[in-house]
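Here's the letter readout for the chains.
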Amino acid sequence: MSQPQAAVGAAVPRVDARLRVTGQAKYAADNSPDGVVHAVIVESSVGRGRVTGIDARAAEAQPGVLKVISHLNAPKLPPVEGRFPPGKPLRAFQDDRVRFFGQPVAVAVATTLEIAQHAASLMKVSYDAEISLTDLSVADAAGETQTYARGDADRALEAAAVRLESTYRTARNHHNPMEPAGIVARWDGDRLTVWEKTQWVQGTVFNLSGEFGMPPDRIRVISPFVGGAFGNAARTWVHSVIAAMAAREVERPVKLVLTRRQMYFAVGYRPAYEYGLRLGSDRRGRLTASTHDVRAESSRYETYSESVLVPGRMLYSTPNVRQAYDHVPLDVSTPWFMRGPGYSSGAYPVESAMDELAHELGVDPIELRLRNEPADDESSSLPFSTRRLRECYRAGAREFGWHRRNPKPRSTRDGDWLIGMGMAAGVYDTMRSQAQASVRLDADGTALVQSATSDMGPGTATSMSQVAADALGLTMRQVVFRLGDSLMPPAPVHAGSQTMASVGSAVQDGCDNLRKQAITLAVNDEGSPLYGADSADIVIRGGRLSLKDEPTRGETYRRLLARNERTHLEVLGSYAGPSGPEKFSLYAYAAIFAEVAVDARLGLVRVRRMLGAYDAARIVNPRLADSQAIGAMTGGIGQALLEHTVTDHRDGRIVNANLADYLVPTHADMPDLKAIFIDGQDYEADPIGVKGLGEVVIVGVAPAIANAVFNATGRRIRELPITAEALL
Amino acid sequence: MHPFTYTKAADMREALSAGRRGGRYIAGGTTLVDLMRETVERPGSLVDISTLPLREVTVTERGGLRIGALVSMAEAGAHPKVRALYPVICEALELSASAQLRNMATIGGNIMQRTRCTYFRDVTAACNKRDPGSGCAALQGYNRNHAILGTSDSCVATHPSDLAVALAALDSTVRLLGPDGERTLPLVDFLLKPGSTPNREQALRKGELITAVEIPALPRPLKSGYLKVRDRQSYEFALTSAAVALHVRGGVIREAKVAAGGVGTVPWKLPTVERHLIGERPSHRLWAEAAEHAADGAHPLTHNGFKAELLKRTVERRLRTVGGTA
Amino acid sequence: MVGGVVTGPPVHAAEDAVAAEVPPGSRVSLTVNGVRRTVTIDNRTSLLDLLREHFGLTGSKKGCNAGACGACTVLVDGRRVNSCLTLAVRLEGAEVTTIEGLAKGDRLHPLQQAFIDQDAFQCGFCTPGQIVSGVGCIQEGHTGSAEEIREWMSGNLCRCGCYVKIERAVEQAAGRK
């Protein structure tokens, strides 16, 4: 009983496009419940120490100021357990400690935004400051080293015919979604409603429930639109607690939106890394050993870690691998997942070194990678579910015109510009989690599908509608998918490229079941033209049930429901997620190609064109997939060439905490970008055969660019971003 | 933002009278409002001068150009006379900021714009420019974007304007009107190096306002151009920049105007470079030799040492593209 | 404040002469999307906050509040500007057009339709500013080439990375003119 696939795989436009192009899409801060007032956070101006005094008199004297809250007068909150990262999460004004520069130390609440901002600027906070340590390059690691080993890498390295050894450094990057973090909190008696920018409405329910010691069923979180996040709205940060606290204190709904500057202190970042890498190979370029010694920044109050070591242990066949990951606790706020977390940082050294090895050996970089394609996942000894990286290389090279690359650096010139091509591989693991979706078919023949998931940009409502439309046998117009409300059936955090696999599978399950229910109803209904038919012979198209081989015999959902006097059919679809140990190694793959122009005299790098070839298994909507892929190339260009959060290590101040000084790519930085997707499905991963896309598309972008810079100039840059001063 | 009173000046007299009483003039407002929001600027009263009759672009009697202070950056950059006579000005304008900001910001305000120094903009940091005597956090701090020329122990903040670099190269003057009447100052005297008083950025008297900038007539034909070097391709302040104008007759450079941006506490004239060029014939070697002097007297800081070499190359490149090699 | 250890309050010069008084306000009349509106506002109110917090026109977005991202772009008297850096009190008699004012009833503005056709957005947050800026860009005539569009649209950041498609959308709408 297979349904025809009409919507899935089609490049249909976004279902919510009209709302987004007319300004009608309501993001968190666009909500203004009756009586709403405004809160503005005051952040610490020292990097470590204690708050010794808060003079709020001038602020409180402003007409319209309702309250100033700090640790001096904040209500005591119950203790909470940190789950991830391990440690003690930052709380809202529960003590006088300053853990990092920019930590919230007070909040001013006033009737208007102008008054609240002014009041916040009038607050006089005094500190007993201590010397803060924020420099990864000089600080010591602490705590347990995470290690991994197979074989004897150090010995194999000594014996290797070819050896490379280098240290790579990557800068701290900030997500900088265009929408700042924001929340509107309203209490109705002991019930709390929040409109929050979040990738996980039910995560916010859980966390606020813990913060305020109240039952989760008294909290509702609404977040139908998320203005980009890239990970940083996948945690309930302290400002959300502050907003809810303030709303309770002033007994009015409170709107709190972080300033762009506060976004650099308050909502996580991709941590800076030092990555020491040694590679050993034989003369033909077959890897024999590698060692990976990683130092990563984290805060002192939480120990954050991410999968930076994975590419180095599973991307290539290497019998001997040793890895060590050390945390360097600093007086900084805690890092957090940012697009392609870990993988995008780890791919840079690994893929740069592979390029270097290819150059040393005089082997084409793709050929070198093919010589090191593993038969199975050597880090887990599991077979790959699917791994079409070879196809990615092949299709990508063909489409990009890789054969035109001259392997000799500095050999292609265009006026003042040196031209170079580079490539790199990318990988990201396929995550899935349990999820549910409610499906309701109404008497008018339209369906409403709901799940408490989110859409930070990939087009969740669109792709879910496609899955639902096919499984229900409806057109896209007959299906509505809603998300972003904690009252909806549970969904996992909208992160880690797991939404399609998890929520999509739940949607498909629910829709399949509902369709079967309708078919059962029809074949058992004497009034139906399908009475007595075999359920397996019935397909549904455009809301009409009919026999596969006799399309004229059938009827619509509408007639079926009307005759049976049913107002609707309803089903809860679910996906259990993986259970028990994985039987397969599940990853999505990418091959990224870049052509750059380098003005070596002026130190300028301009990406001229890029192409990505992806093995993400099934592509539900090629139009949306294309947007995600080229969007991630854009982000990767930023990571490679522009983005660098700079800290003044004297006091932990972030000195470029704004969008004029923290540089993200502009329109003018955009070259020609192209994405191609290798056909396939992966049903070992999940019932709908997808491997996840949003993360893998950024992994490999930065090293592809760095490798192209080498091809153009002969300069191997081992630090991101690649700046003018590094090239001069 | 601190509270302020607001008045819109109906005419010049009203504006000057409000200015004399301590009112702060606001034109495009793109710098002022931004800095008021950061509480770096805290004027108690704003005098809106946007409707004053200072929007003309005229050719002066002697063949120079006068651009009214309230002409927007967009209008000036698109003006046929500016484009025809001084491409370097149009290029500097169109490489500045964004289309939106250029629609708002004015020529007078552009010259008056304040530094992007991160410590200046952060009221919790030490800054002699913002808070005299508090120290300079940039000297020992993160100073990649800071100046290497015209600096002092008190301040190393870069003047951010591209336009002012082009205007300085062309020996432009600034017309001022104040309670005591009208006067004209060379741009390079109007903008002040920090010395020990970095809080004083312009040679403005109380209540004075800019009415126009004037670019003198220069011998024709005049080739000119602006090169801005920056990390990203648009919407960023300069790492280095060079404004160049050359008058070549009979195969010999008769007049050379060169100034640099992104490197100075004020738009930085390069008279030594100019002297090297005048009387010589264009050649690759000449451009390189002249540009070798572009960073004379530079005082690099911890993170901006690369600017000295980059500046030389920027000047050389712009000389070459403007001057070609006859 | 140079050097490691700091004590005492953050640096603030003497100020607050106007503290504890009702902040100065003004009455201003302006036209927004064809509708004349008169309001009394705190002088500090930006056009962006006036639109969002007073008029309920939340299509214009606050991305940086500093003129560095373009999400707040609106047309004032036909020219695209950053509404976050525009003091509303200065707009007596002005005509403002926001993203909410571009469509004619149910008929989308050609650039809005082009954004849908080209899939020129993902999260949609910068989209209103991009579209209004694109309308300005087309009116200004800076659509001669892809390169020109890119340069003249660079005042609008998009973090999802939809630039390539936004450029195509502007091109599409400009071609229709």
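As the structure is a prediction and not an experimental result, all values here were calculated from the model.

### A word on the overall build of chain A
In terms of regular secondary structure, chain A is built from 17 helices and 30 strands. Here chain A has a C-alpha radius of gyration of 27 Å; the compact-globule value for 728 residues is 27 Å, and the two agree. Its C-alpha atoms give chain A principal-axis dimensions of roughly 80 × 75 × 50 Å. The proportion of buried residues among the 728 residues of chain A is 68%. Surface summary for chain A: the accessible area is close to 24,000 Å², and the carbon and sulfur share equals 48%. Between the averaged position of the 81 positive side-chain charges in chain A and that of its 84 negative side-chain charges there is a distance of 2 Å.

### So, the domain arrangement of chain C
Residues and elements named next belong to chain C. Split into domains, chain C comes out as domain 1 (25-101) and domain 2 (110-176). Relative placement of domain 1 and domain 2: their C-alpha centres are 21 Å apart. Between domain 1 and domain 2, the residue contacts involve 16 residues of the former and 17 residues of the latter. Summed over both partners, the interface of domain 1 with domain 2 buries about 1,200 Å², with 58% contributed by carbon and sulfur atoms. In this structure, the connection of domain 1 to domain 2 is made through one salt bridge. With a shortest N-O distance of 2.7 Å, R80 and E140 are connected by a salt bridge. Our count for the contact surface shared by domain 1 and domain 2 stands at seven residue pairs in polar contact (both at pLDDT 80 or more). The element that contributes the greatest number of residues to the side of domain 1 that touches domain 2 is strand β4 (residues 73-76), accounting for three residues.

### What about the interface of chain A and chain C?
Tallying the contact residues gives 73 residues for chain A and 68 residues for chain C. For the chain A face of the interface with chain C, the top three residues by lost area are V21, M178 and H667 of chain A, together amounting to 15%. At the junction of chain A with chain C, the criterion picks out six salt bridges. Taking the shortest distance from any N to any O, the salt bridge between K255 of chain A and E53 of chain C comes out at 3.1 Å. Only α1 (17-21), α3 (113-122), β6 (124-129) and α15 (622-641) of chain A provide two or more residues apiece to the side of chain A that touches chain C. Here the side of chain A that touches chain C takes eight residues from α15 of chain A, the largest share from any one element.

### Here we look at the sheet that holds strand β12 (residues 254-257) of chain A
All names here are of chain A. Pairing is mixed in the open sheet, where seven strands are placed in the order β3-β5-β1-β12-β9-β10-β11. Only two strands of the sheet have a single neighbouring strand rather than two, namely β3 (65-70) and β11 (219-222). When strand polarity is set aside, the average angle formed by the axes of neighbouring strands in this sheet is 20°. Note: β3 against strand β5 (residues 104-110), five bridges, orientation antiparallel. Following the sheet pairing, I69 is matched in β5 by V107.

### Quick word on the interface of chain C and chain B
In this assembly, 38 residues from chain C lie in contact with 39 residues from chain B. At the boundary of chain C with chain B, the tally comes to one salt bridge. Between R90 of chain C and D48 of chain B there is a salt bridge, and its shortest N-O distance comes to 2.9 Å. Put simply, the parts of the chain that give the side of chain C that touches chain B at least two residues each are β5 (79-82), α3 (127-140) and α4 (146-152) of chain C. The leading source of residues in the side of chain C that touches chain B is β5 of chain C, at four residues.

### Description of the domain arrangement of chain A
Residue and element names in this part refer to chain A. Looking at chain A, the domain boundaries give domain 1 (17-24 + 433-575), domain 2 (31-132 + 178-228 + 233-266) and domain 3 (273-431 + 582-727). Computed from C-alpha atoms alone, the centre-to-centre distance between domain 1 and domain 3 is 38 Å. Both sides together, the interface formed by domain 1 and domain 3 hides about 1,300 Å², and carbon and sulfur atoms give 59% of it. For the interface between domain 1 and domain 3, the tally reads zero salt bridges.

### Describing empty space enclosed by the protein
All names here are of chain B. Tallied over the full model, the rule gives 16 cavities of 30 Å³ or more. K129, H159, L192, E201 and T265 are the residues nearest the centre of the second largest cavity, which is lined by 18 residues in total. Tallied by class, residues from the lining of the second largest cavity come to seven nonpolar, six polar and five charged.

### Some remarks on a negative patch on the surface
On the surface, D534, D537, D549 and E550 of chain A cluster together into a negatively charged patch. Tracing the backbone shows D549 of chain A in the loop between β22 (544-547) and β23 (550-556).

### Structural notes on the environment of P63 of chain A
Residue and element names in this part refer to chain A. Mapped onto the elements of the fold, P63 is located in the loop between α2 (57-60) and β3. According to the relative accessible area criterion, P63 is partly exposed, its value standing at 29%. The sequence separation of P63 and T111 amounts to 48 residues, and the corresponding C-alpha distance is 8.9 Å.

### Examining the pairing of strand β19 (residues 447-450) of chain A
Residue and element names in this part refer to chain A. Where strand β18 (residues 435-442) and β19 come together, four bridges link them in antiparallel fashion. In the strand pairing of β19, L441 is matched with A447. Of the pairings in the sheet, the one linking β19 to strand β20 (residues 479-482) comprises four bridges and is parallel in character. When the bridges of β20 are listed, A447 appears paired with V479.

### Examining the sheet that holds strand β2 (residues 25-32) of chain C
All names here are of chain C. The strand order β3-β2-β6-β4-β5 describes an open sheet built from five strands, whose pairing is mixed. Strand pairing shows two members of the sheet lacking a second neighbour, β3 (35-42) and β5, which therefore form its edges. Taking each pair of neighbouring strands and ignoring which way they run, the sheet shows an average axis angle of 40°. Strand direction decides the pairing type here: β4 and strand β6 (residues 95-97), joined by two bridges, are antiparallel. The residue of β6 that forms the bridge with V76 is V96.

### With respect to the pattern of salt bridges
Residues and elements named next belong to chain A. Applying the stated criterion across every chain yields a total of 82 salt bridges over all chains. Between R57 and D55 there is a salt bridge; the shortest N-O distance is 2.8 Å. Relative accessible area serves as the criterion here: at 62%, R57 is assigned to the exposed category. With a relative accessible area of 24%, D55 lands in the partly exposed category.

### As for the packing of helix α2 (residues 110-117) of chain C against α3 of chain C
Two quantities define a packed helix pair, namely the angle between the axes and the distance from one axis to the other. Residue and element names in this part refer to chain C. Across the interface, α2 lies against α3 with an axial gap of 10 Å and an inter-helix angle of 125°. Regarding the angle of α2 to α3, the classification is oblique. Crossing geometry of α2 relative to α3 is assigned as right-handed. Contact with α2, carried on its side by L111, Q112 and F115, involves T127, Q130, I131, G134, V135 and I138 of α3 and no other residues of that element.

### Quick look at the nonpolar core
If you look at the biggest cluster of nonpolar residues, it comprises 229 residues, and the most contacted ones within it are M610 and I705 of chain A together with L111 of chain C. In terms of residues, this core owes the most to one element, strand β25 (residues 587-599) of chain A, which gives ten residues. Ignoring any residue separated from it by four or fewer positions in sequence, one finds L111 of chain C in contact with I131, G134, V135, I138, A169, V170 and A173 of chain C. Counting 68 residues, the second-largest nonpolar core is a separate cluster that includes Y86, C90, A243 and A259 of chain B.

### Quick notes on the packing of aromatic side chains
For any pair of aromatic rings, geometry is given as the distance between the ring centres together with the angle between the planes. Residue and element names in this part refer to chain A. One pass over the full model with this rule turns up 20 aromatic pairs over all chains. Aromatic pair F84 and Y304: ring centres 5.9 Å apart, planes at 65°, arrangement edge-to-face. Taken together, the positions of F84 in the loop between β3 and β4 (97-98) and Y304 in the loop between β14 (287-299) and α8 (310-314) put the pair 220 residues apart, joining distant regions of the chain. Accessibility expressed as a relative area gives 35% for F84, which makes it partly exposed.

### Things to note about the state of the cysteines
Following the criterion strictly, the structure yields zero disulfides over all chains and no others. As a non-bridged cysteine, C72 of chain C has C84 of chain C as the owner of its nearest cysteine sulfur, 3.8 Å distant.

### Digging into the pairing of β4 of chain C
All names here are of chain C. Burial along β4 is two-sided: T73 and L75 and V74 and V76, pointing in opposite directions, are all buried. Relative to β5, β4 runs antiparallel, the two sharing four bridges. Bridge pairing in β5 links V76 to R79. Where β4 folds back on β5, the antiparallel hairpin that results is connected by two residues, among which D77 adopts a positive phi of roughly 50°.

### What to know about the side chain of H146 of chain B
Structurally, H146 of chain B is set in the loop between α7 (107-112) and α8 (163-169). When near neighbours in sequence (up to four residues on either side) are disregarded, H146 of chain B contacts C117, A138, V156, A157, T158, G262, L301, N304 and K307 of chain B.

What counts, and at which threshold
Residues numbered from 1 in each chain as written. Chains lettered and ligands numbered in written order. Predicted model: local features only at pLDDT ≥ 70, side-chain atom pairs only at ≥ 80, totals over all residues. Heavy atoms only, no water. Helix = DSSP H or I, 4+ residues; strand = E, 2+ residues; numbered from the N terminus. Rg over C-alpha atoms; globule rule 2.2 N^0.38 Å. Buried < 20%, exposed > 50% of the residue type's maximum accessible area, 1.4 Å probe, protein only. Areas by Shrake-Rupley, 256 points an atom, 1.4 Å probe, with all protein chains shown as cover. Lys, Arg positive; Asp, Glu negative; His and termini not counted. Charge placed at Lys NZ, Arg CZ, Asp CG, Glu CD. Domains from an automatic or database assignment. Contact = heavy atoms within 4.5 Å. Buried area = accessible area lost by both parts, 1.4 Å probe. Salt bridge = Lys/Arg side-chain N within 4 Å of Asp/Glu carboxyl O. Polar contact = N/O pair within 3.5 Å; in protein donor to acceptor, adjacent residues only side chain to side chain. Pairing = 2+ DSSP bridges. Axes fitted to C-alpha atoms, helices over the stretch in contact; angles between N-to-C directions. 1 Å grid on protein atoms, 1.4 Å probe; cavity = no way out; pocket = protein on both sides within 12 Å on 5 of 7 lines; lining within 4 Å. Points joined across faces, edges and corners; volume = space filled by probe spheres on them. Nonpolar A, V, L, I, M, F, W, Y, C, P; charged D, E, K, R; others polar. Patch = residues over 30% accessible without salt bridge, like charges linked within 9 Å, V, L, I, M, F, W, Y side chains within 5 Å. Parallel < 35°, antiparallel > 145°, perpendicular 65-115°, else oblique. Left-handed = near helix turned anticlockwise from the far one by under 90°. Core = buried A, V, L, I, M, F, W, Y, C linked by side-chain atoms within 4.5 Å. Phe/Tyr/Trp six-rings, centres within 6.5 Å; stacked < 30°, edge-to-face > 60°. Disulfide = S-S within 2.5 Å.

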